[in-house]
Amino acid sequence: MRQLQKSLIGLLCSVLLLTSLFMPSAALAFPKILATQTFPAPFHLSEWLLDDDHGFIYAATAQGDLYFIRTRDLAVVEKLSFGSKGSVNELAVQGETLYAAQGASKQVSLIDLAAHKVTATLSLSDTPATIAVHGDTMWFAPAQPPAPLYEYSLSTKKEKKIAFGSSRSGALYRPLLTYSPEHQTLYIAESGISGANLFAVNPKTYEILHHAHQSSDQEYTAFTDPIIDGEDVFHAGYRFDADQLGVVHGKFGTERTTSMKGVQGKYVLTKEAVYDRDTFQKLRDLPFAGNASLDQENHLYLFSSSFSGPATIYKMPLELSKKKPDPAITKGNSLTLPLSMKKWAYDETTQKLGVIFRDSNRVAIINSATMKMEKEVPAGSSQADIAANNGKLYVSLYGTKLAIIDLTNGAEVKEQILPLFPDSLAVDDNQLFFGPMTKHMPLQSLSLNDHKIRPVPLPKPAYMTVYHDFAVDADKKLLYLAGSSALYTLRTTDFTLVEQNELRDFYNYPIVLDDQYVYLDKNAYDSTHITDQKMTYPSEVIAAKDGYVFTRDAVYDRDSGNLLSPLPGPIADVIVTDDHNILLYNAKTYTITRYSDLSDLIKSESKIKSLQFETKVIDILQGQSYYPALIATYENGSKRNVAASATWETEPDAVKTEKSVMGLALRSPKINPQGSTVTATYQGLTAQAIVKTGPYKVATEISIKSKSKSKKISVGQRNFLTITAKYKDNTKQDITRIATVYPESSIIYDNGDLVAVREGTDQIGIRHQDHYSIVSVTVSPAAKPAQPAVKIEGLILDDTAWTESDGSISNNYSYTIAVDPESAILKSSIAKDDITITLPDGVKAYFIGGRASNDLTVELVGKVDPTDLPVTIPVIIKSSATTMPSRAKDSATFNLTLKPRPTN
């Protein structure tokens, strides 16, 4: 069995080797392969086309060969050779003729599809990088800008240059052409560094019928022609309305550049994955990224190659995952969501929550009274924001659409076409305000009565910068707008400017409102006179109501600023309802917890057990600001940096405290190598540290390293960067808590700690003295807690489950039995004879050596009937050690349970 299994594994590896250069780490395994065709090296594909009507794939190579491959069995029935200078770069089919554009030779070959022979060759004046054919006309254009559009008559063999382009200068930028007989329209796409255009053109007059423009903020770059299917145009990952390209239904995938490979019925194929056409939801990844096609019978054709090895075409069925999504779990007053929440909104009329997720195109409807998810409804492409009012949810979609969900009649979904991409939403009783993705543009207002849309003129200074957030107060009839350096109020009735407050050091924070104040970052302003600052809280305000102010780690009294209670956090978001319920969302656990009121929240919070500084001796330079980590440990085992919330006692001449956007800092105005004692008090406990101050030194450079080896961080991860300064005297210093760091929307400062709170990619600015650096940080959703390795009597076992195949459970994974390096209970090596394993029928164990002197790897090989699962195997380990600690045993017994690995 072992030898047979090795042979099968070797065969699989040889197949996968062909695709190793393209295989992503999370790619799915091959489904059942129906047919393959392998080509000897060198074989570099330059273009391929699936002709479903004739049952062929036409594959062109950079070596100048054109293969006719039968889709039924992938047999090569013909090969035409044009030579390397005649390499085909574009293919098109009309009737019984295949048009093969050869850019280097400025020719197009016409090939009879029945005889597989060249019947004519068209000589052109320019390079046919892209072509489209209909009737007697062929259109072509070169790739390099400025690229004119050409019209070629197939009957007269005459060509004509058309004066057409986005600037009407007669030139296009990297054009791509497709003709639609159904719409009698020529579609022309161009893309570049400053934006992109998709034109619908009258093929006789070359009048632009309608078009879509994507600015540089939504820039797309495409390498495949527009695909027209029914009433839709698919291009660069987007789905446009074929009769009005300005209407964008949505986007498939999150990649900035998405290569569209085909559309078949309800399925949309890119080079990476298959998507649902209507919901935009990813249905499955492809086994590897590359050239792909999908026929009318839902067979996938995938092409893989390496730089030096052979190339292979695979035919396989489109197998979609049958796995049901993880359920939402209600436990008492908590609801654990199946996915990471992106944003939420609460409707007071129905007492329901609407939730949009980061990895799903569905909106969840949650009953806040029962804390149960009542329904999930599909609502378009990549939702950006959500708002609620009077029994309705408003969801902004990635495209020019707004989804409106009625919570009173079972979540009926309607769509509203908008003139731009909506990104942010705010709603009152009469109108919905929405902001575009390109925030240099004016806001828009949608009347909820007559559905008319009108622009909201921004205050004049805001035209020259960007705005970050806006919120509406229905009672005061005021719209609050946060610009990059100012806060504005506008009347919602006529959009006149009421007041503006010029701010300093403003960062990208959301606006929070209650009945008296407007909150931005840590500051509270009078809501009717925003120039009147009322209070500053220790960290960013994320919610406020009923006289309470919430940050991510605590709740404060609004007017006095006194701490009322820590939060079981860090908390990503808070909602306080009109009946005083408090809803907290923990982004790390995906959990929403409801408390009946503040007293219920305070009662549930764990008590503090100890308080101590992360570093008891703090070394800084004269004039530097140091952001200390004061760690509070709670009875439930959680820890929190509470430096910004503590009360401090210092010697002002030696050490001072100051607050900034980063939190509380310590600063030494004079040199003090002996050190000065600082004392912090928090909830009745105190901690002390010594601050030693050396002379000021000039830094020559700063360097930034990620503390994560994989350089990936997730929501909830803290202090993931190490910043080091090098000085003129060649000394180095860790300045992570000294440097000034400017976080963005995905990264915040939480009481002095750099914390990832939202999924996204942001650039973080880091300054120290005269040195400034920018580091790009990508935050992924919080990973679900990994299952720890089995640990019995000081021994650990890698917990690898078995996998299901052909109706049985098979396994050839290795389990490592090792000494726990921390407790070091067993001092000697584990020998093969020391292990006794009682195995079920059909399973054998092979000892294949260890990775270190104190471990041994055992490989379990065989098959188990799935109906017998779970199977529990007793394992006994005896030690032959001559010297052992008194607390250790000379043997250990535990059970290994085999179960099928969950399918993705």
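Throughout what follows, the structure given in this document is the object of discussion. Model, not experiment: these values are computed from the prediction.

What follows deals with the overall build of the protein. Within the protein, the regular secondary structure consists of 3 helices and 86 strands. Considering only contacts within the protein whose residues lie at least 6 apart along the sequence, 48% involve residues at least 24 apart. Only carbon and sulfur atoms are counted for the fraction: they give 49% of the accessible area of the protein, which is about 40800 Å².

Take the pattern of salt bridges next. Once the charged atoms of two side chains with opposite charge are near each other, the side chains can pair. Counted under the stated rule, the structure contains 24 salt bridges. The residue Arg70 makes a salt bridge to Asp73 at a minimum N-O spacing of 2.9 Å. For Arg70, a relative accessible area of 24% translates into the label partly exposed. Accessibility expressed as a relative area gives 31% for Asp73, which makes it partly exposed. Here Asp729 and Lys697 are joined by a salt bridge, their closest N and O atoms 3.5 Å apart. In this pair, Asp729 is assigned in the loop between strand S70 (721-727) and strand S71 (732-734) and Lys697 in the loop between strand S67 (685-694) and strand S68 (699-706), connecting sequence segments 32 residues apart. By relative accessible area, Lys697 is classed as partly exposed at 24%. Overlapping salt bridges bring together Asp229, Asp232, Arg239 and Arg277 as one network.

Residues Leu337, Trp344, Tyr585, Leu630, Trp648, Ile747 and Ile766 are the most contacted members of the largest nonpolar core, which totals 63 residues. Counting residues per element, this core draws most heavily on S70, which supplies 4 residues. What Ile747 contacts, discounting residues up to four positions off in sequence, is Ile713, Phe720, Leu754, Val755, Ala756, Asp762, Ile764, Val777 and Val779.

The next thing to look at is the sheet that holds strand S2 (residues 45-51). The antiparallel open sheet is built from 4 strands, whose spatial order is S2-S3-S4-S5. Both outer strands of the open sheet, S2 and strand S5 (76-81), are each paired with one neighbouring strand and no more. In this sheet, adjacent strand axes meet at a mean angle of 15° when their direction is disregarded. Taken together, the 5 bridges between strand S3 (residues 56-61) and strand S4 (residues 65-70) define a ladder with antiparallel strand orientation. Following the sheet pairing, Phe56 is matched in S4 by Arg70.

We now examine the environment of Leu754. Inspection of the secondary structure puts Leu754 in strand S74 (residues 753-756). Since its relative accessible area comes to 7%, Leu754 is described here as buried. C-alpha of Leu754 to C-alpha of Tyr742: the two residues are 12 residues apart in sequence and 9.9 Å apart in space.

In the structure shown here, the tally under the stated rule is 22 aromatic pairs. Ring centres of Phe39 and Phe43 lie 4.4 Å apart, and the angle between their planes is 20°; on these two criteria the pair is classed as stacked. For the pair formed by Phe39 and Phe43, the shared burial category is buried. Ring geometry for Phe234 against Phe252: centres 6.1 Å apart, planes inclined by 35°, an arrangement best described as tilted. Note that Phe234 is positioned in strand S19 (residues 232-235) and Phe252 in the loop between strand S21 (244-251) and strand S22 (260-264), a separation of 18 residues in sequence. No difference in accessibility class separates Phe234 from Phe252, as the two residues are buried. We note Arg558 situated over the ring of Tyr517; from NZ or CZ to the ring centre the distance is 5.2 Å.

Across a regular strand the side chains alternate sides, sitting on one face of the sheet and then on the other. Bridging between strand S6 (residues 90-94) and strand S7 (residues 97-102) involves 5 bridges; their strand directions are antiparallel. Directly across from Leu91, in S7, lies its bridge partner Ala100. The antiparallel hairpin formed by S6 and S7 contains 2 residues in its connecting segment, where Gly95 sits at a positive phi of about 60°.

So, on to the sheet that holds strand S55 (residues 573-576). Spatially, the 5 strands line up as an open sheet ordered S29-S30-S57-S56-S55, and their pairing is antiparallel. Sheet topology places strand S29 (329-331) and S55 at the edges, where each strand pairs with a single neighbour. For this sheet, the mean angle separating the axes of adjacent strands, direction not counted, is 15°. In this structure, S55 lies alongside strand S56 (residues 582-586), joined through 4 bridges in antiparallel fashion. Within the sheet, the bridge partner assigned to Val576 lies in S56 and is Ile582.

Counting through the fold element by element, Asp51 comes out in strand S2. Arg70 provides the closest opposite charge to the buried, unpaired Asp51, separated from it by 14 Å. Only 2.7 Å separates the side chain of Asp51 from the side chain of His54, close enough to count as a polar contact. Apart from residues no more than four positions distant in its own chain, Asp51 is found in contact with Phe56, Tyr58, Val93 and Leu113.

As a further point, take the pairing of S67. Relative to S67, strand S59 (residues 617-621) runs parallel, the two being bridged by 5 bridges. Bridge pairing in S67 links Asp619 to Lys692. Between strand S66 (residues 672-682) and the antiparallel strand that follows it, S67, lie 2 residues; Gln683 among them carries a positive phi value of about 50°.

Examined against the element boundaries, Thr693 turns out to sit in strand S67. Note on Thr693: relative accessible area 2%, which makes it buried. For Thr693, the side chain forms a polar contact with the side chain of Ser668, separated by 2.7 Å. Apart from residues no more than four positions distant in its own chain, Thr693 is found in contact with Ile620, Leu621, Gln622, Ser668, Lys670, Ile671, Asn672 and Pro673.

With respect to the helices, strands and loops of the structure, Lys656 is situated in strand S64 (residues 656-660). Looking at Lys656, the relative accessible area reads 46%, which means it is partly exposed. A sequence separation of 22 residues divides Lys656 from Val678, and the C-alpha atoms of the two residues are 9.3 Å apart. Excluding residues within four positions of it along the chain, Lys656 makes contact with Thr650, Ala665, Leu666, Arg667 and Pro669.

In this section: unusual backbone geometry. In this structure, Lys106 takes a positive phi of about 55° despite not being glycine. Following the sequence through the fold, Lys106 ends up in the loop between S7 and strand S8 (107-112). Residue classification places Lys106 among the partly exposed positions, given a relative accessible area of 34%. Positioned with a positive phi, Ala236 is a non-glycine residue whose angle comes to about 55°. As for its placement among the helices and strands, Ala236 is situated in the loop between S19 and strand S20 (238-241). In this structure Ala236 comes out as buried when scored by relative accessible area, which is 0%.

Analysis parameters
- Sequence order as written defines residue numbering, which begins from 1 separately in each chain.
- Residues qualify for local features only when their pLDDT is at least 70, as the model is predicted, and side-chain atom pairs are given and counted only at 80 or more; totals for whole chains, interfaces and linings, by contrast, use all residues.
- Calculated side-chain values reflect all of the structure's heavy atoms, with hydrogen atoms and water omitted.
- Runs of H or I in DSSP of at least four residues are treated as helices and runs of E of at least two as strands, each being numbered from the N terminus.
- Pairs of residues are marked as contacts when any of their non-hydrogen atoms sit within 4.5 Å.
- Where accessible areas are quoted, they stem from the Shrake-Rupley method and a 1.4 Å probe; at the residue level, only the protein chains shown are allowed to cover.
- For this analysis, a salt bridge means a side-chain nitrogen from Lys or Arg found within 4 Å of a carboxyl oxygen belonging to Asp or Glu.
- Only protein chains enter the calculation, and the probe is 1.4 Å; a residue is then buried if its accessible area is under 20% of its type maximum, exposed if over 50%, and partly exposed in between.
- We call a set of buried Ala, Val, Leu, Ile, Met, Phe, Trp, Tyr and Cys residues a nonpolar core when their side-chain atoms join them within 4.5 Å.
- The criterion for strand pairing is that DSSP finds at least two bridges linking the strands in question.
- Axis lines are fitted through C-alpha atoms, for helices just across the contact stretch, and the angle between N-to-C directions can take any value from 0 to 180 degrees.
- A pair of aromatic rings is counted whenever rings of Phe, Tyr or Trp (Trp by its six-membered ring) have centres within 6.5 Å, and the orientation is called stacked for planes under 30 degrees apart, edge-to-face for over 60 and tilted otherwise.
- Whether a charge lies above a ring is judged from NZ of Lys or CZ of Arg, which has to be within 6 Å of the ring centre and within 35 degrees of the ring normal.
- The charge count includes Lys and Arg as positive and Asp and Glu as negative, but it does not include His or the ends of the chains.
- We call two N or O atoms a polar contact when they sit within 3.5 Å, provided that within protein one can donate a hydrogen and the other can accept it, with sequence-adjacent residues counted only if both atoms are side-chain atoms.

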